[in-house]
Amino acid sequence: MEKIFRPNPNSFKNTFCVFNEVAIESINGLKIQYDSKSGSKYYYTKTGMYRLSNHWGRLANSKWRLEPLEPETISKIKLGFASWENFYPDNAVEELYYLEANFQNKTVNYQHKNNPNYDKKAILRTSFETTKRIKQIRNLFSLTSWAKYFEYDDIDDLRKKIIHELIFTNKTLEEIKKEFI
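Residues numbered from 1 in each chain as written. Predicted model: local features only at pLDDT ≥ 70, side-chain atom pairs only at ≥ 80, totals over all residues. Heavy atoms only, no water.

### A word on the overall build of the chain
Then, in step 1: Check the secondary structure of the chain and you find 3 helices and 10 strands.
Then, in step 2: Put simply, the chain runs from its N terminus to its C terminus through helices and strands in the order β-β-β-β-β-β-β-β-β-β-α-α-α.
Then, in step 3: A principal-axis box enclosing the C-alpha atoms of the chain has dimensions of 70 × 35 × 30 Å.
Then, in step 4: In the chain, which comprises 181 residues, the share counted as buried stands at 40%.
Then, in step 5: Of the contacts made within the chain by residues no fewer than 6 positions apart, 63% connect residues no fewer than 24 positions apart.
Then, in step 6: As presented, the chain carries roughly 11700 Å² of accessible surface, and 52% of it is formed by carbon and sulfur atoms.
Then, in step 7: For the chain, the distance from the average site of its 29 positive side-chain charges to the average site of its 23 negative ones is 7 Å. (Helix = DSSP H or I, 4+ residues; strand = E, 2+ residues; numbered from the N terminus. Buried < 20%, exposed > 50% of the residue type's maximum accessible area, 1.4 Å probe, protein only. Contact = heavy atoms within 4.5 Å. Areas by Shrake-Rupley, 256 points an atom, 1.4 Å probe, with all protein chains shown as cover. Lys, Arg positive; Asp, Glu negative; His and termini not counted. Charge placed at Lys NZ, Arg CZ, Asp CG, Glu CD.)

### Here we look at the pairing of strand β1 (residues 15-21)
Then, in step 1: A large share of β1 lies buried, amounting to 6 of its 7 residues.
Then, in step 2: Note: β1 against strand β8 (residues 88-89), 2 bridges, orientation antiparallel. Looking across to β8, one finds that phenylalanine 16 is bridged to tyrosine 88.
Then, in step 3: Bridge analysis of β1 against strand β6 (residues 62-67) gives 5 bridges, and the strand direction is parallel. Residue valine 18 lies in a different strand from β6, and its bridge partner there is arginine 65.
Then, in step 4: Here β1 pairs with strand β7 (residues 78-83) via 2 bridges, running antiparallel. Bridge pairing in β7 places glutamate 21 opposite glycine 80. (Pairing = 2+ DSSP bridges.)

This is the structure:
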């Protein structure tokens, strides 16, 4: 009989992780190893963790995000998988996060500095500073009222330039906007 792999429960405290959505069939034959009070179900393997849940984002003392399948599934309950090496330390004081913008989808997300894809060009920020910049970038993507004070030919080009500055510099949004007026 194969021994069930069970990680230390404290190993998930204060972590950041990006899970990738996978097909529900991925857990066929696996046994639930932890069933949380909020209804999330956890399946542990030697290579990583499956999490079946209807909520993602901030979880108690961790930040776990789900990257959805393309095309997105309509089910509210999603199955995500993350390798053990994709769990990174999180805290409120260190500059651990950088931002990535998708101009085609008009979205912004944060990533951890330990992510192997980090090219060390985007500025690292604390959780609080990262959250503030995300809100500013989301407003730039979704609103147009801010642009009435600028002379521009293409609002998307202007957005891209301002968002680029928010990601790659420590300038405030006000300082950046002054440069483009």
